[in-house]
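# An overview of the molecular structure
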Amino acid sequence: MLKRLKNPTGYFILGGLAIFLVVQILLSAGILNNFWRGIIFWGAAITMVTLGLNLIFGFNGQFSLGQYGFYAIGAYGAADVTYRWVHEDPSGVVVVFFGLWLSLLLYALVSVLLRRFYGITVMTKFTAYLLATILAFWVAVKVLLPVLGPVTMTLLGALPEAVSQQIVFFIALLGGAGLAGIVSFIFGIPVLELGSDYFGIATLSFTIIIKVLLDNTDTLLPFPEMKGARGMIGIPQWTTWPWVFGTFMLVVVVMRNLLHSSSGRTILAVREDERAAELVGIDVNWAKILPFVMGSIFAGLAGGIRAHDMAFLHPQSFNFIQSFNPLIIVVFGGLGSMTGTILTGFIWIFLLEGLLRLYLPSGFETWRFVVYPLILLLMMLLRSEGLFGEYELPFLRRSALPLRRKVASEESEEVA
Amino acid sequence: MSILEIKDLYVSYGAIRALHGISFHVEEGEIVTLIGANGAGKSTTLRTISGLLRPDRGEILYDGEEITRLGGDAIVRRRLIQVPEGRRIFAPLTVLENLEMGAFTRDDKREVQASMEWVFELFPRLKERLEQAGGTLSGGEQQMLAVARALMAKPRVLLMDEPSMGLAPILVEEIFEVIEEINEQGVTILLVEQNAQMALSVAHRGYVLETGSIQLEGLSAELARNPQVREAYLGGG
């Protein structure tokens with residue numbers, strides 16, 4: 001028994017590779033057409049968004065409706081980088097890439113600085129980090145861009161187009177995810193101080209704010225290429241199956257490792273009892289910020305993937321009604337179950353956007369928001385632990401604790 | 001120098017002031033008790049010391065260092081540990097995991113193991129229940145687990161908030177015996193209790209708290225003889 005479970009990591013890698021190859025072959029052979037290709041990519045994106053939500057809500061207990069806001073930031077952020085690039089403008093690549101690293105650098109400085117003072121208020125902290133971010137991006141735009149813009153253009157231009165395209169896409173995804181992370185960090189500092197319910201309302205308003213801003217990107221914000229409420233077109237369709245698979249696996253592995261680490265313990269402890277967590281010496285603020293930022297990064301990454309598959313973005317796809325989708329999926333899959341979220345996320349898109357769209361008459365979409373809540377209600381009554389309950393794939397399961405393993409091996413020796 | 005010194009502490013919940021400038025001190029190796037009725041401000045005092053509440057005014061000195069504005073986690077790292085009121089164990093985690101959470105701020109594995117064994121000596125019953133979820137324990141066992149979890153942090157000073165609350169008399173005695181034993185092993189204890197009789201029987205000194213200010217102080221034996229205390233807290237006289 002023990003031997004068979006001895007290496008879940010091995011099985012996980014093998015299983016992952018098998019799925020990767022099968023889908024790749026089916027795609028190459030043309031058995032899966034563009035419609036189903038889109039469904040698979042969409043499923044992966046939604047699942048990444050939802051895994052992020054599960055980290056925030058399921059594992060950390062902070063009820064959030066902001067996931068689609070970060071999804072939108074990632075999508076528009078990444079799309080803007082590649083859009084500008086294909087229009088011979090390196091500004092997106094340079095500003096996002098260097099702005100991110102500069103922000104991280106300044107954050108490190110600010111946190112060292114703040115640690116010297118006791119009793120810093122939340123608003124001071126918030127202001128300090130906000131100013132650091134503004135400074136970082138100001139430097140990136142005003143100082144670095146004029147110098148590094150042409151350099152980047154020549155350097156990347158010297159490479160074959162297929163290679164430079166992949167590099168730009170990588171930076172775009174990183175940028176989208178990073179922007180989502182930065183925004184969630186700044187937003188999270190004051191808002192996570194609120195209790196869970198207030199946090200839910202604050203994140204809901206966040207999603208609404210993002211949607212309104214996206215509606216006015218060309219008038220209020222200086223991004224005419226996003227075309228406001230008319231929707232952004234002309235995004236290069238660069239998302240391929242290896243990218244989808246790669247980012248998806250990255251999200252799963254990062255989340256799994258985070259949860260299995262000692263930070264993961266603190267995340268769970270805060271969910272169980274914030275006061276008790278503080279009394280055993282957990283930095284509660286950090287234990288809430290960390291999953292919130294990680295979850296938002298996942299959403300941002302998914303946004304980049306989705307944007308470069310659809311090649312079209314519209315603010316309406318990120319309105320707050322949509323942000324209930326990941327919430328419903330999380331509840332279906334089980335709060336605090338990664339396996340449940342993954343399976344439910346894919347099934348959700350496969351059924352609702354795939355099969356049902358093909359086979360049901362066209363009016364059914366109107367009924368969705370009658371049917372979803374009813375299903376959700378039934379779910380809550382009949383199976384509140386989620387479709388898959390406590391089950392986790394062996395690789396994702398929390399490994400046995402050291403001392404427990406000792407106890408277990410003593411027992412097995414006795415049996416032997 | 002006192003290990004813990006509270007100077008002129010004012011604490012409010014919004015507009016309601018809970019502590020009106022209390023001052024007291026705890027010497028290393030002592031058991032000191034704060035007794036008083038509901039709403040006297042006993043738990044508020046402990047929470048403020050632990051960094052869960054911010055005082056409006058006043059100072060908290062721990063081992064000579066001012067800790068008034070430190071966060072809860074920083075205070076735990078200085079080995080000033082609170083056993084919270086109402087136990088607050090991690091219900092879904094097993095007893096073992098709860099104990100491990102208690103040692104969260106420590107990274108010396110061998111010493112953590114030693115603390116674990118010490119805890120099992122004090123509470124042999126917990127050892128039998130290692131794999132059981134904390135929430136399924138009886139009230140008395142949960143209280144023991146809460147104390148044990150605090151001990152896993154290797155406290156220099158232990159702040160105990162109503163350890164006898166909701167326990168059967170026999171269990172109360174058991175808990176108090178353990179408190180004395182922990183103290184004999186060198187841990188300073190600040191004990192907050194409604195059960196004044198029990199508290200005064202184990203403590204060296206005591207303070208009587210009434211509506212946010214200290215009314216009386218003295219050696220436990222003196223307080224136990226004091227007619228005012230007898231009337232108000234020890235059931236007449």
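## Regarding the overall build of chain A
Within chain A, the secondary structure is distributed over 15 helices and 2 strands. Taking 2.2 N^0.38 as the reference for a compact globule, 416 residues should give roughly 22 Å; the C-alpha atoms of chain A span a radius of gyration of 22 Å, in line with that estimate. With the C-alpha coordinates of chain A rotated into their principal frame, the extents come out at 70 × 60 × 45 Å. Split into buried and exposed, the 416 residues of chain A put 50% on the buried side. Restricting the contact set of chain A to residue pairs at least 6 apart, pairs at least 24 apart contribute 81%. By element, 71% of the accessible surface of chain A is carried by carbon and sulfur atoms, the whole surface being about 19,700 Å². The distance from the centre of the 26 positive side-chain charges to the centre of the 24 negative ones in chain A is 3 Å.

## What to know about the overall build of chain B
Within chain B, the regular secondary structure consists of 10 helices and 10 strands. Scaling as 2.2 N^0.38, a compact globule of 237 residues should have a C-alpha radius of gyration of about 18 Å, and chain B matches this with 17 Å. For the C-alpha atoms alone, the extent of chain B along its principal axes is close to 45 × 40 × 35 Å. Taken over 237 residues, chain B has a buried fraction of 57%.

## Some details on the interface of chain B and chain A
Counting from both sides, the interface comprises 31 residues of chain B and, opposite them, 21 residues of chain A. For the pair chain B and chain A, the two sides together bury roughly 2,400 Å², of which 64% comes from carbon and sulfur. Run the count over chain B and chain A and you get 2 salt bridges. Counting across the chain B and chain A interface gives 2 residue pairs in polar contact (both at pLDDT 80 or more).

## Digging into the nonpolar core
If you look at the biggest cluster of nonpolar residues, it comprises 107 residues, and the most contacted ones within it are Tyr 71, Leu 313 and Phe 318 of chain A. A per-element tally of this core places helix H6 (residues 161-191) of chain A first, with 13 residues. With 53 residues, the next largest nonpolar core counts Val 76, Phe 120, Leu 130 and Tyr 233 of chain B among its residues.

## Concerning the pairing of strand S10 (residues 213-219) of chain B
Residue and element names in this part refer to chain B. Pairing geometry for strand S9 (residues 205-210) and S10, over 6 bridges, is antiparallel. When the sheet's bridge partners are listed, Glu 210 is paired in S10 with Ser 213. Taking the residues between adjacent antiparallel strands as the criterion, S9 and S10 are bridged by 2 residues, where Thr 211 takes a positive phi near 35°.

## A few points about a nonpolar patch on the surface
A surface patch of nonpolar side chains, amounting to about 960 Å² of accessible area, comprises Trp 367, Val 370, Val 371, Leu 374, Ile 375, Leu 377, Leu 378, Leu 381 and Leu 382 of chain A. As for its placement among the helices and strands, Leu 374 of chain A is situated in helix H14 (residues 364-382).

## Some points on the sheet that holds strand S4 (residues 57-62) of chain B
Residue and element names in this part refer to chain B. Strand order in the open sheet made by the 4 strands is S2-S1-S4-S5, with antiparallel pairing throughout. Since the sheet does not close on itself, it has two edges, and those belong to strand S2 (16-26) and strand S5 (65-66), each with one partner. As paired strands, strand S1 (residues 4-13) and S4 are joined by 5 bridges and run antiparallel to one another. Paired with Leu 4 across the two strands is Tyr 62, which belongs to S4. Sheet strands in contact with helix H1 (residues 42-49) are S1, S2 and S4, and its direction is about 110° off that of S1.

## Examining the packing of aromatic side chains
Each aromatic ring pair is characterised by the separation of its centres together with the angle its planes make. Scanning the model with the defined rule gives 27 aromatic pairs over all chains in all. Between Phe 187 of chain A and Phe 292 of chain A, the aromatic rings sit 6.5 Å apart at their centres with planes inclined by 40°, giving tilted as the arrangement. Placement of Phe 187 of chain A in helix H6 and of Phe 292 of chain A in helix H11 (residues 284-310) is noted, with a sequence separation of 105 residues between them. Accessibility classification places Phe 187 of chain A together with Phe 292 of chain A in one group, the buried group. Taken together, the ring pairs in this structure connect Phe 70, Phe 187, Phe 199, Phe 206 and Phe 292 of chain A into an aromatic cluster. Note that Arg 256 of chain A overlies the ring of Phe 395 of chain A, its terminal NZ or CZ placed 4.1 Å from the centroid. Between Arg 57 of chain B and the ring centre of Tyr 10 of chain B, over which it is positioned, the NZ or CZ distance is 4.2 Å.

## Describing the pattern of salt bridges
Residues and elements named next belong to chain A. Applying the stated criterion across every chain yields a total of 23 salt bridges over all chains. Ionic pairing is found between Asp 89 and Arg 84, a salt bridge with its closest N-O pair at 3.7 Å. Residue class for Arg 84 comes out buried when judged on its relative accessible area of 18%. One salt bridge in this structure joins Glu 225 and Arg 84, with 2.9 Å as the shortest N-O distance. Here Glu 225 is found in the loop between helix H7 (196-215) and strand S1 (232-233), whereas its partner Arg 84 is found in helix H3 (residues 67-86), with 141 residues between them in sequence. Judged by relative accessible area, Glu 225 falls into the buried class, the value being 11%. Through salt bridges with shared partners, a single ionic network connects Asp 80, Arg 84, Asp 89 and Glu 225.

## Things to note about the side chain of Glu 162 of chain B
Inspection of the secondary structure assignment puts Glu 162 of chain B in the loop between strand S7 (157-161) and helix H7 (169-184). What Glu 162 of chain B contacts, discounting residues up to four positions off in sequence, is Lys 42, Glu 85, Gln 143, Val 192, Glu 193 and Gln 194 of chain B.

## Notes on the sheet that holds strand S3 (residues 31-35) of chain B
Pairing between the strands of a sheet comes from backbone hydrogen bonds, and it takes one of two forms, parallel or antiparallel. All names here are of chain B. On the basis of which strands lie adjacent, the open sheet formed by 6 strands has the order S6-S7-S8-S3-S9-S10 and mixed pairing. Either end of the sheet is taken by a strand with one partner, and the two such strands are strand S6 (80-83) and S10. Adjacent strand axes in the sheet meet at a mean angle of 15°, parallel and antiparallel pairs treated alike. Relative to the sheet, H7 contacts S3, S7 and strand S8 (188-193), its axis offset from that of S8 by approximately 155°.

## Observations regarding the confidence of the model for chain B
On average, chain B scores 91 in pLDDT, and the residues at 70 or more come to 99%. Here the complex is predicted with pTM 0.88, and the ipTM for its interfaces comes to 0.86.

## Topic: the packing of H6 of chain A against H11 of chain A
Residue and element names in this part refer to chain A. In contact at an axis separation of 7 Å, H6 and H11 are set at 145° when each is read in the N-to-C sense. As H6 runs across H11, the sense of the crossing is right-handed. Contacts between H6 and H11 involve Phe 169, Leu 173, Gly 176, Ala 177, Ala 180, Gly 181, Ser 184, Phe 185, Phe 187, Gly 188 and Ile 189 from the former and Ile 289, Phe 292, Val 293, Ser 296, Ile 297, Gly 300, Leu 301, Gly 304, Ile 305 and His 308 from the latter. Tallied by class, the residues present in the contact of H6 with H11 amount to 13 nonpolar, 8 polar and no charged.

## Some details on the domain arrangement of chain B
Residues and elements named next belong to chain B. Here chain B is partitioned into domain 1 (1-79 + 155-237) and domain 2 (90-154). With centres defined by C-alpha atoms, the gap from domain 1 to domain 2 works out at 23 Å. Each partner contributes residues to the interface: domain 1 has 18 residues there, and domain 2 has 15 residues. With both sides pooled, the region where domain 1 packs onto domain 2 buries about 1,400 Å², and carbon together with sulfur makes up 72% of that total. At the boundary of domain 1 and domain 2, one finds 1 salt bridge. Here Glu 174 makes a salt bridge to Arg 125, at a shortest N to O gap of 3.0 Å. Counting across the interface, domain 1 meets domain 2 through 3 residue pairs in polar contact (both at pLDDT 80 or more).

About the thresholds
- In every chain, residue numbers begin from 1 and rise along the written sequence.
- Key to labels: chains lettered from A, ligands numbered from 1, both in the order written.
- Confidence filtering applies because this is a predicted model: local features only for residues at pLDDT of at least 70, side-chain atom pairs given and counted only at 80 or more, and all residues used for totals across whole chains, interfaces and linings.
- Side-chain measures here rest on the full set of heavy atoms in the structure, leaving out hydrogens and waters.
- Comment: elements are numbered from the N terminus, with helices defined as DSSP H or I runs of at least four residues and strands as E runs of at least two.
- Taken over C-alpha atoms, the radius of gyration is set against a globule rule of 2.2 Å times the number of residues to the power 0.38.
- Exposed residues in this analysis have more than 50% of their type's maximum accessible area, buried residues have under 20%, and partly exposed residues fall in between, with area computed by a 1.4 Å probe over protein chains only.
- Contact between two residues is taken to exist if any of their heavy atoms lie within 4.5 Å; hydrogens are not considered.
- Here, Shrake-Rupley sampling with a 1.4 Å probe gives the accessible areas, and only protein chains in the shown set may cover a residue.
- The positive count covers Lys and Arg only, the negative count covers Asp and Glu only, and His and the chain ends enter neither.
- We put the charge of a Lys on NZ, of an Arg on CZ, of an Asp on CG and of a Glu on CD.
- A simple way to read buried area is as the amount of 1.4 Å-probe accessible surface that goes missing from two parts once joined, with both sides added.
- Only one rule defines a salt bridge in this text: a Lys or Arg side-chain nitrogen within 4 Å of an Asp or Glu carboxyl oxygen.
- As used in this structure description, the phrase polar contact means that two N or O atoms lie within 3.5 Å; if the pair is within protein, one of them must be able to donate a hydrogen and the other to accept it, and residues adjacent in sequence are counted only when both atoms belong to side chains.
- Residues belong to a common nonpolar core when they are buried Ala, Val, Leu, Ile, Met, Phe, Trp, Tyr or Cys residues joined through side-chain atoms within 4.5 Å.
- Any two strands between which DSSP finds at least two bridges are classified as paired.
- Only residues whose relative accessible area exceeds 30% and that form no salt bridge enter a patch; like-charged residues are grouped when within 9 Å of one another, and nonpolar side chains (Val, Leu, Ile, Met, Phe, Trp, Tyr) when within 5 Å.
- Lines fitted to C-alpha atoms define the axes, with helix axes restricted to the stretch in contact, and inter-axis angles between N-to-C directions lie between 0 and 180 degrees.
- Ring pairs shown here join Phe, Tyr and Trp side chains whose ring centres sit within 6.5 Å, with only the six-membered ring taken for Trp; geometry is labelled stacked below 30 degrees between planes, edge-to-face above 60, and tilted in between.
- Whether a charge sits over a ring depends on NZ of Lys or CZ of Arg being within 6 Å of the ring centre and within 35 degrees of the ring normal.
- pLDDT gives the predictor's per-residue confidence on a scale running from 0 to 100.
- We call a crossing left-handed when the near helix sits turned anticlockwise from the far one by less than a right angle, and right-handed when that turn is clockwise.
- Under the grouping applied here, Gly and all other residues not named as nonpolar or charged are polar, the nonpolar ones being Ala, Val, Leu, Ile, Met, Phe, Trp, Tyr, Cys and Pro and the charged ones Asp, Glu, Lys and Arg.
- Residue ranges labeled as domains rest on an automatic or database domain assignment.

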